[in-house]
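The lines below spell out each chain.
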Amino acid sequence: MAAASGNSKIYSSMAEQFNQFLSPRVMTGFNVKLQSTCLSLSVFYGLPKAHKGGYPNLSMFKILPNDYMKLIYVDIKCKICMIRSYYNLSIEMKKLNDKKEFEKAIDLFSKYEEKSNETICDLSVNQVLKSFTNRKDFQGGLNIHQRYLSRIEKNSFILASLIHFYMEFGNVNVAEELFKKSKNKTVGMYGAMMKGYIKNSLFNKAIEIFFKIENPDEINYVLLLNACSRIGTEETLNIVKKILLNLPNSYQNNKNILTTAFDAFIKCNDLSNAEKIFPKIKRTVISYGNLMKFYNKNNQEEKTLNLYKQMIIDDNIQLDPIIYVHFINAAAHIGILSISNSIYKQIPKCFLQNIFIKNALIDMWGKSSDIKKAKDIFQSLIKPDTIGYTSMINSYGLNGMAMEAIELFNKIPEEFILEETYVSILNACSHAGLVDQARSIFNNINNKTDKIYTTMVDCLSRSSLFEEALKLIDHYESGHSPSPTMLMSLLSAARNRKNKELSEKIFNRIKENFPELKNRLISASILLSNVYASVGEIEKSSNIRNKLYQQGLRKIIGLSFTEIDGKIFKFRAHDQTHPRSEEIYDEIQKISKELIEYGHQYDASWITRELNENETIESNLCGHSERLAIAYNFLENPTIRTIQITKNLRICGDCHRSIKLIALIRQCEIIVRDTNRIHHFNIKGQCSCSDHF
């Protein structure tokens, strides 16, 4: 009885140990090891084998004497402790990998492997593969593949990690072969392939393989949308829309999928859908930054500024320097000093020493016409970089300070002079008519790019040196494909000089070389139409415009922005939508009367279309968007001393002459930034561009 009782106790303890390690929640690999251990013991002690296909039959040990039972118990307990130790290995390795301590994880694996590589569990093999992948150790991972080949081939979990390993090292063919040979292709393996294709810029392959997955999981959907965003075409945009329409119900509100879809809409230039999905996504500082960057890129800077309150109050987002850079860039695009001052006041003092913010501020102050503040920021830079130097040179150039721009350019260390620096200094010379200085700089540039050539062509064309500009274009085209931007630059200057023959010649070259560039052809057609109108050939001008209209093509509408009492107002040419529109046009007539009394004669050559029945030359030109913005400022404040306007098109010659007189008559400084430069009209009736525009 005592022996039986002892056996029973030992058996119960053994059973408890087995239950802990043979339960379904423990990895199969451990069960196999433990089964193998018990089978070996049963053979050694001459016991019956375990039942087929199941766990070891513990009851077989009951028939043994008490002493044998104790020996078996000790033996099995040792085996269980060893298995527990190897199970803990994978946990410890994961902790080390999560902390990016890959070397330590590999060392730990090696120590255990030296004891017995047969007892290493699959989880540990998987972790060591991750360690070698993240450590960028190809040979180490290759050795693991070779040593554990038979186990890896049977385990799709490890196989997915191995595919990821080879993809990370650019061995796409090996990864594809492993995937192809596998008979049990899991969503994890598909995900590893998709991630690898994206890593190796094979975005179309990632998209293709997705549609072979029977039941994609969240990660597969995220990877597909990521691949679509990387391509960013109309075709991939349609894929994104189709995927979202057919998402399984369980994923309809999945924030990871929707956030990646939002990014895809941004990259595919679909603002409408990006805005629709934005409230549903996981809104972070990154997603806000992407939306702000997109708004700035598409000339919707007001929307960028409007996000500030939403970020701070609604979503409690902690703003970082990059977000403030986006705000600064938005203010720079708007180019109105009061807006820029408002943005500057919101920047935390701790960020004002950030190099990215300082460089952005130089650009903002320069484009907002406050050259002193731009210069102060620049001089506070301990070691200016390329962006800092270029932003300051561009600020000087925009504000008609070409000599200061040249002086600074000559001080830049050679390693900081890049393409954008050359473009900025040549632009500064171009807007000031400093052709000789521009030639000298241009001739000393070793690597002349398309943009650099285009800027030099613009400089020559603005000074009516058309023959030299044409020779430069021909020289460029002798070794390169024609540049539409270069030709457009010459055509624009020819239009301003009313040179019909040259305009026709350049237009035909653009049409011949770039028939597929619809936007370029529209712009070129409008310029040629304007040339015909300026020389009195109204019928030819109208024919071009009618043809564009019939094709459904439209010219860019002239828009002007101004700020009054902290609010931005937008006017379009001949705008009638403002609530005080009637009063604005009364003010326009009042100003026009003053101009005529000062001897101003309206220049009909700047009218680019046939006049309507109730329209005059005066009313047509006075309806330009910048004139409406000026009139509204005087309407709101008759004694205003500074008016600032940003215009999306180039200022016309009649408006330029008129605004000089308005500044003189009303004794009000008027600052107008057009697409090319900033015009400072002072109270003496002069402009900072010296009429070179």
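A quick note: this is a predicted structure, and the numbers were derived from the prediction, not measured.

Trainee: Outline the overall build of the protein chain, listing residues and values.
Mentor: In terms of regular secondary structure, the protein chain is built from 35 helices and five strands. Within the protein chain, buried positions represent 51% of all 693 residues. Counting every atom, the protein chain has about 35000 Å² of accessible surface; 51% of that belongs to carbon and sulfur.

Trainee: Please give an account of unusual backbone geometry that cites residues and values.
Mentor: Positive phi values are uncommon outside glycine, yet lysine 136 reaches one of about 60°. With respect to the helices, strands and loops of the structure, lysine 136 is situated in the loop between helix H5 (122-134) and helix H6 (138-147). The phi angle at aspartate 565 is positive, at roughly 55°, despite the residue not being glycine. Here aspartate 565 shows up in the loop between strand E1 (559-564) and strand E2 (567-572). Look at aspartate 565 and you get exposed, because its relative accessible area is 74%.

Trainee: Tell me about the packing of aromatic side chains, residues and numbers included.
Mentor: Across all of its chains, the model carries 23 aromatic pairs by this definition. A ring pair is formed by tyrosine 389 and phenylalanine 416, whose centres lie 6.2 Å apart and whose planes are at 35°; its orientation type is tilted. In this pair, tyrosine 389 sits in helix H22 (residues 386-398) while phenylalanine 416 sits in the loop between helix H23 (402-409) and helix H24 (419-432), placing the two residues 27 residues apart along the sequence. Ring pairing ties together the aromatic residues Phe138, Phe165, Tyr166 and Phe169, which thus form one cluster.

Trainee: So what's going on with the pattern of salt bridges? Residues and values would help.
Mentor: Within the structure shown, the criterion is met by 34 salt bridges. Close ionic contact of aspartate 137 with arginine 135 constitutes a salt bridge, the shortest N to O distance being 3.2 Å. On the basis of relative accessibility, which here comes to 35%, the residue arginine 135 falls in the partly exposed class. Salt-bridge contacts for glutamate 583 lead to arginine 580; the nearest nitrogen and oxygen are separated by 3.0 Å. Residue arginine 580 is classed as partly exposed on the basis of its relative accessible area of 25%. Where salt bridges share partners, they join Glu103, Arg135 and Asp137 into one cluster.

Trainee: If you had to explain the packing of H5 against H6 to someone new, which residues and values would you point to?
Mentor: The interhelical angle for the contact between H5 and H6, taken along N-to-C directions, is 160°, at an axis separation of 8 Å. If you check the angle between H5 and H6, you find them roughly antiparallel. Between H5 and H6 lies a crossing of left-handed hand. Of the residues in H6, those touching H5 at Val125, Val128, Leu129 and Phe132 are Gly140, Gly141 and Ile144. The residue makeup of the contact of H5 with H6, split by class, is five nonpolar, two polar and no charged.

Trainee: Tell me what's going on with the sheet that holds strand E3 (residues 642-647), and back it up with residues and numbers.
Mentor: Spatial strand order, E2-E1-E3-E4-E5: five strands in an open sheet with mixed pairing. In this open sheet, the two edge strands, each paired with only one partner strand, are E2 and strand E5 (678-681). When the angles between neighbouring strand axes are averaged without regard to direction, this sheet yields 20°. Bridging between E1 and E3 involves three bridges; their strand directions are antiparallel. Bridged to serine 560 within E3 is lysine 647.

Trainee: Explain the confidence of the model for the protein chain to me, using residue names and the numbers behind them.
Mentor: In the predicted model, the protein chain carries a mean pLDDT of 87, and the fraction of residues at 70 or more is 87%. Considering only residues more than four positions removed or in separate chains, one finds that residues 41-58, a stretch of pLDDT under 50, has 31 contacts. Contacts from residues 60-65, a stretch scored under 50 in pLDDT, to residues over four places away or in other chains number 17 contacts.

Trainee: Give me the pairing of E5: which residues, what numbers.
Mentor: Burial of E5 is two-sided: the residues Ile678 and His680 facing one way and the residues His679 and Phe681 facing the other way are all buried. In this structure, strand E4 (residues 669-673) lies alongside E5, joined through four bridges in antiparallel fashion. The partner of valine 672 across the bridge, within E5, is histidine 679. The antiparallel hairpin formed by E4 and E5 contains four residues in its connecting segment.

Trainee: An account of the packing of helix H32 (residues 581-597) against helix H35 (residues 653-666) is needed here, citing residue identities and associated values.
Mentor: Packing of H32 against H35 brings their axes to within 10 Å, and their N-to-C directions diverge by 90°. Between H32 and H35, the angle falls in the class roughly perpendicular. Taking contact as the criterion, the partners of Glu587, Lys590, Ile591, Glu594 and Leu595 in H32 are, on H35, Ser658, Leu661, Ile662, Ile665 and Arg666. Its residues placed into classes, the contact of H32 with H35 shows five nonpolar, one polar and four charged.

Trainee: I'd like a description of helix H25 (residues 435-443), backed by residues and values.
Mentor: Val435, Ala438, Ile441 and Phe442 are the residues of H25 that are buried. All buried residues of H25 fall inside an arc of 125° around its axis, so they share one side. Residues of H25 that are exposed and angled more than 90 degrees away from the buried face: Asp436 and Asn443. Taken together, the buried residues of H25 touch H23, H24, helix H26 (450-462) and helix H27 (466-477).

Trainee: Any details on helix H20 (residues 355-367)? Residues and values, ideally.
Mentor: A rise of 1.5 Å per residue sets the reference length of H20, with its 13 residues, at 18 Å; its end C-alpha atoms lie 19 Å apart and thus fit the reference within 8%. Here H20 lies mainly inside the structure; 10 of its 13 residues are buried. Taken residue by residue, H20 has Ile357, Lys358, Asn359, Ala360, Leu361, Ile362, Asp363, Met364, Trp365 and Gly366 as its buried positions. Against helix H18 (321-334), helix H19 (337-346), helix H21 (371-380), H22 and E5 lie the buried residues of H20. Put simply, asparagine 354 is the residue that caps the front of H20, since its side-chain oxygen is 2.8 Å from the backbone nitrogen of phenylalanine 356. Looking at the residues trailing H20, positive phi occurs at serine 369, about 75°.

Trainee: Requested: an account of the nonpolar core, with residues and values cited.
Mentor: Core analysis: the largest hydrophobic core is formed by 160 residues, its most contacted members being Ile163, Phe327, Leu361, Leu426, Leu490 and Ile510. The element contributing the most residues to this core is H18, with nine residues. Beyond its immediate chain neighbours, meaning those up to four positions away, isoleucine 163 contacts Ala175, Leu178, Phe179, Met189, Ala192 and Met193. If you look at the next biggest cluster of nonpolar residues, it comprises 36 residues, including Phe571, Ile607, Leu635 and Ile643.

Trainee: Quick rundown of the environment of isoleucine 651? Include the residues and the values.
Mentor: Relative to the helices and strands, isoleucine 651 resides in the loop between E3 and H35. Here isoleucine 651 falls in the buried class, since its relative accessible area comes to 3%. On a C-alpha basis, the gap between isoleucine 651 and histidine 679 in space is 9.4 Å, while along the polypeptide they are 28 residues apart. With residues up to four places along the chain from it excluded, the contact list for isoleucine 651 reads Glu626, His656, Ile659, Val672, Asp674, His679, Phe681 and Phe693.

Trainee: Requested: an account of the pairing of E1, with residues and values cited.
Mentor: The element E1 is largely enclosed, with a buried count of five among its six residues. With antiparallel pairing between neighbouring strands as the criterion, E1 and E2 make up a hairpin whose turn holds two residues, including aspartate 565 at a positive phi of roughly 55°.

What counts and how
- Residues numbered from 1 in each chain as written.
- Predicted model: local features only at pLDDT ≥ 70, side-chain atom pairs only at ≥ 80, totals over all residues.
- Heavy atoms only, no water.
- Helix = DSSP H or I, 4+ residues; strand = E, 2+ residues; numbered from the N terminus.
- Buried < 20%, exposed > 50% of the residue type's maximum accessible area, 1.4 Å probe, protein only.
- Areas by Shrake-Rupley, 256 points an atom, 1.4 Å probe, with all protein chains shown as cover.
- Phe/Tyr/Trp six-rings, centres within 6.5 Å; stacked < 30°, edge-to-face > 60°.
- Salt bridge = Lys/Arg side-chain N within 4 Å of Asp/Glu carboxyl O.
- Axes fitted to C-alpha atoms, helices over the stretch in contact; angles between N-to-C directions.
- Parallel < 35°, antiparallel > 145°, perpendicular 65-115°, else oblique.
- Left-handed = near helix turned anticlockwise from the far one by under 90°.
- Contact = heavy atoms within 4.5 Å.
- Nonpolar A, V, L, I, M, F, W, Y, C, P; charged D, E, K, R; others polar.
- Pairing = 2+ DSSP bridges.
- pLDDT = per-residue confidence, 0-100.
- Arc of directions from axis to C-beta.
- Expected span 1.5 Å × (residues − 1).
- Polar contact = N/O pair within 3.5 Å; in protein donor to acceptor, adjacent residues only side chain to side chain.
- Core = buried A, V, L, I, M, F, W, Y, C linked by side-chain atoms within 4.5 Å.

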